[in-house]
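# A look at the structure
Each chain, letter by letter, is given below.
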Amino acid sequence: MTLTKNDLVASVNELGFTKKKSVEIIETLIEIMKGTLEKGEDVLISGFGKFCVKDKNSRRGRNPATGSDLILRERKVVTFKCSGKLRDKINTP
């Protein structure tokens with residue numbers, strides 16, 4: 001099962017917020033996180049993990065359909081590293 005934005009809104013709604021306010025809270029949180037990552041800054045959520053923007057160098061690649069070689073341009077990617085607490089919870093039987 002995948003946790004969706006609607007699931008997050010429903011969880012916030014269960015805390016006593018209206019549906020409209022719940023949507024606003026989740027949308028605002030996501031926009032803050034996106035804006036922070038766009039600036040190249042990390043997003044650290046204590047007890048959950050850290051989202052980081054990393055630079056990837058250009059590299060040789062291969063088109064899987066044709067098998068021809070190509071150069072992939074340098075780019076930025078977002079990575080996630082979970083916290084030790086989350087890792088322990090995930091690995092507890």
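As a starting point, this report considers the structure included with it.

### What to know about the sheet that holds strand β1 (residues 43-45)
Reading across from one edge, β1-β2-β5 is the order of the 3 strands in this open sheet, with antiparallel pairing throughout. Of all strands in the sheet, those with a lone pairing partner are β1 and β5 (75-82), marking the two edges. Direction aside, the axes of adjacent strands within the sheet are offset by 25 degrees on average. Bridging between strand β2 (residues 49-56) and β5 involves 8 bridges; their strand directions are antiparallel. Bridging from a neighbouring strand, Asp-55 pairs with Lys-76 of β5. Here helix α2 (residues 19-38) sits on the sheet and contacts β1, β2 and β5; the angle it forms with β1, its principal contact strand, is near 135 degrees.

Rules behind the numbers
- Residues numbered from 1 in each chain as written.
- Predicted model: local features only at pLDDT ≥ 70, side-chain atom pairs only at ≥ 80, totals over all residues.
- Heavy atoms only, no water.
- Pairing = 2+ DSSP bridges.
- Helix = DSSP H or I, 4+ residues; strand = E, 2+ residues; numbered from the N terminus.
- Axes fitted to C-alpha atoms, helices over the stretch in contact; angles between N-to-C directions.
- Contact = heavy atoms within 4.5 Å.

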